[in-house]
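Summary of the model geometry
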Amino acid sequence: MLDLDVRSHYLSVMTVIEGGRVTVTDAHRLLGPVPTDDVPSATVAGLLAELDRLAIDTAYVTHSYALFGDPAEANDALFAAVAGVQRLRPVPVVIPAIGGAAVPSTVGDLDTLPARGVAMVRLAPSRHRFDLTGPVAARWLDRLATLGLAVAVDLEDTTPAALRTVASAHPSLPLLVLGGGFRRLRELGELLDVAPSVRLETGSLNTSGAVEWIAARWGAHRLVFGTGAPLLDDAGPRFQLDQLNLSASDRARIASGSLAAMVASPSTPDDPPPPWTARPPGPVLDAHGHIGGWHDFFIPDSTAAGLVATAERAGVTAIGVSHLLAVGADPAEGNRRALEAAREHPGRLGVWLVANPQRPSQVDALREQLAQPHVWGIKLHPDVHQCALDDPAYAPVFELAAEHRAPVLAHGQTGSPWSDPVLFAEVGRRHAEVPLLMGHAGLWAHGFARAARLVADVPNVCLETCGSRMTAGWITRLVKLAGADRVIYGSDACFLDLRHGLGRVMGARLTEPDRAAVLGGNLARLLHIGGKA
């Protein structure tokens, strides 16, 4: 098992430049109720409290009615709600159209927006069903450029090709791409290369090293801090901002400077929130990590050395990894590479040995490898291997895990025929002597509560927290639903950015003993760690 280095890895979470606090502006927020959750930002007071909690000075906000109701009503509701609230800057939606279908009613009505405090508008071509590159939109975009207004567009609402067309036709129009996502870095890089007016929001750039890669190649001025909250998590991106491996000046540009350069930025509020200061209450063990590249998307830094360096800066004591080659085509070679990496980084990397049920001859090798130092347990990926978690083919693997008192970490995905949480409940009962970690706690937000309920009476099954749809709010709820002793922190690095995953736990509303359990205590118990194991 892991030779655990228990040196303190405390972190002080505060963006600092030359001894002073940097202004942090969230370029991408919703105000108002949403249909999928009960969120604090349904009201102005609740949103301001959330900003205070994470030391965010200012937010550019769109009303939720724009995405889940009547866009025309949304803009009226937005202006009424933020009137006189200096920390909230209105971002109304604009829908270019003809025949009375437009919002606002005519292109000439755009001229009234600057006087109402608008510096940026939001377009949602797919959601609002208009052609971003059509002749009507072209006239509206021309007018927005003349007025000096920036335009925010969610990448899920359009395509990189359409954005290239807009940037080429309207070169003076500042474009902020929201929600780029960790899987689309190659497309986004090509867009940045040919469209100097484009900036990227950082909130969803959450694969390992993505923000640093973009800053190094195209400059930090092309990056704008934003979260997409409450539909997406805010604590992870906020934590990442403070932990970026960039100069203080580049972090300051991302925090607020890049956006200020895009818009006619009003003065900073006179009463900024206090800094967000967080210190893990003990050693931090990351239950879910990877090394190696993957076919589905570009990972700027997939090396063990890069992962360890990021973990050390962020305050993570050790991280358990499987090699992505083992998850995919070659478990034998991938496991060999993972063990080699752990030997090169003793005390920093543990190994999850990948077991592929399609390779029954692998069991003998796993038996020998489980006895090696640095090994934490066994990793299963039913979806990649297309073998349901309750399939008898896994029986030798669970017997081996029981023999070695080793936990099993398995990919979990709500709705999957291979790894739905209901299968974890069944398998957990079948192998009650084996600790079973449900990776991603079911993956999708609509399935988190169900996952907790399904395993409530299966005490050997724990919920692991990584995933791009996990939030600090959901971690808080999972602890309430399942108990702090049944929730385990994981990040999915290098697939995802370790700092996002850690930030969610640091931003969750937990008692410090509960936070310590989630961040390391629970996994240490399963790994039989007590100084050395």
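This is a predicted model, so every value here is computed, not measured. For every chain, the first residue of its written sequence is number 1, and the numbers climb from 1 along that sequence. Given that this is a predicted model, residues contribute local features only at a pLDDT of at least 70 and side-chain atom pairs are listed and counted only at 80 or more, while totals for whole chains, interfaces and linings are drawn from all residues. Side-chain metrics rest on all non-hydrogen atoms present in the structure, leaving aside hydrogens and water.

1. Some thoughts on the layout of surface pockets
Cavity and pocket criteria rest on a 1 Å grid covering protein atoms alone: a 1.4 Å probe that fits but cannot get out defines a cavity, protein on both sides within 12 Å along at least 5 of 7 lines defines an open pocket, and an atom within 4 Å of a point defines a lining residue. Grid points are joined across faces, edges and corners, and a volume is the space filled by probe spheres set on the points. Considered as a void within the structure, the second largest pocket measures approximately 230 Å³ in volume. Lining the second largest pocket are 16 residues, with Ser208, Gly209, Asp301, Thr310 and Arg313 sitting closest to its centre. In DSSP terms, a helix is any run of H or I states spanning at least four residues, a strand is any run of E spanning at least two, and both are numbered starting from the N terminus. The dominant element in the lining of the second largest pocket, judged by the number of residues it contributes, is helix α11 (residues 304-314), at 5 residues. The residue makeup of the lining of the second largest pocket, split by class, is 5 nonpolar, 6 polar and 5 charged. Think of it as three bins: nonpolar holds Ala, Val, Leu, Ile, Met, Phe, Trp, Tyr, Cys and Pro, charged holds Asp, Glu, Lys and Arg, and polar takes everything else, Gly as well.

2. Some thoughts on helix α21 (residues 512-526)
In this model, α21 (15 residues) spans 20 Å end to end at C-alpha, consistent with the 21 Å of a helix rising 1.5 Å per residue. The quantity called bend is, for any residue, the angle between two axes fitted respectively to the seven residues ending at it and the seven beginning at it. Of all bends in α21, the biggest is about 55°, found at valine 518. Relative accessibility thresholds used throughout: buried, under 20% of the residue-type maximum; exposed, over 50%; partly exposed, between the two (1.4 Å probe, protein chains only). Of the positions making up α21, those classed as buried are Arg515, Ala517, Val518, Leu519, Gly520, Asn522, Leu523, Ala524 and Leu526. At the exit of α21 stands histidine 528, carrying a positive phi of roughly 60°. The span one expects for a helix is its residue count, reduced by one, times 1.5 Å.

3. Re empty space enclosed by the protein
For the structure shown, the criterion picks out 1 cavity of 30 Å³ or more. Space inside the largest cavity adds up to approximately 40 Å³. Contributing elements (two or more residues each) for the lining of the largest cavity: β3 (25-31) and β4 (58-63). Along the lines of polarity and charge, the residues of the lining of the largest cavity split into 6 nonpolar, 2 polar and 2 charged.

4. A closer look at the confidence of the model for the protein chain
The share of residues in the protein chain with pLDDT of 70 or more is 93%, and the mean pLDDT across the chain is 92. A residue's pLDDT is the predictor's confidence in that residue, given on a scale from 0 to 100. A contact between two residues is defined here by any heavy atoms of the two lying within 4.5 Å. Note that pLDDT drops below 50 for residues 1-19; the model gives that stretch 69 contacts with residues more than four away or on any other chain.

5. Things to note about the environment of arginine 525
Assignment of secondary structure puts arginine 525 in helix α21. Taking the C-alpha atoms as reference points, arginine 525 and alanine 220, separated by 305 residues in sequence, lie 42 Å from one another. A polar side-chain atom of arginine 525 sits 3.2 Å from a polar atom in the side chain of asparagine 522. Distance and chemistry together define a polar contact, namely a pair of N or O atoms within 3.5 Å, with one atom able to donate a hydrogen and the other to accept it when in protein, and with adjacent residues in sequence counting only for side-chain atoms on both sides.

6. Let's talk about the packing of helix α6 (residues 160-169) against helix α7 (residues 185-194)
Direction vectors running N to C along α6 and α7 enclose 10°, while the axes themselves pass 10 Å from each other. Between α6 and α7, the crossing angle belongs to the class labelled roughly parallel. Contacts between α6 and α7 involve Pro160, Leu163 and Arg164 on the former and, on the latter, Glu187, Glu190, Leu191 and Val194. The residue makeup of the contact of α6 with α7, split by class, is 4 nonpolar, no polar and 3 charged. With axes taken as lines fitted to C-alpha atoms, and helix axes fitted only over the stretch in contact, angles between N-to-C directions fall between 0 and 180 degrees. Any angle between 65 and 115 degrees counts as roughly perpendicular, while under 35 counts as roughly parallel, over 145 as roughly antiparallel, and the rest as oblique.

7. Quick word on the packing of aromatic side chains
Here the aromatic set is Phe, Tyr and Trp, taking the six-membered ring for Trp, and pairing holds for ring centres within 6.5 Å; pairs whose planes are under 30 degrees apart are stacked, those over 60 apart are edge-to-face, and all others are tilted. Scanning all chains against the criterion turns up 7 aromatic pairs. On the numbers, 6.0 Å between centres and 55° between planes, the contact of tryptophan 294 with phenylalanine 495 is tilted. Taken together, the residues span a long stretch of sequence, with tryptophan 294 in the loop between β11 (285-291) and α11 and phenylalanine 495 in the loop between β18 (487-488) and α20 (498-507) at a distance of 201 residues. Of the two residues, tryptophan 294 and phenylalanine 495, both sit in the buried class. Look at phenylalanine 448 and tryptophan 474: their rings are 5.5 Å apart centre to centre, the planes differ by 70°, and that puts the pair in the edge-to-face class. Of this pair, phenylalanine 448 sits in helix α18 (residues 448-454) while tryptophan 474 is found in helix α19 (residues 472-482), placing the two residues 26 residues apart along the sequence. According to the relative accessible area criterion, tryptophan 474 is buried, its value standing at 13%.

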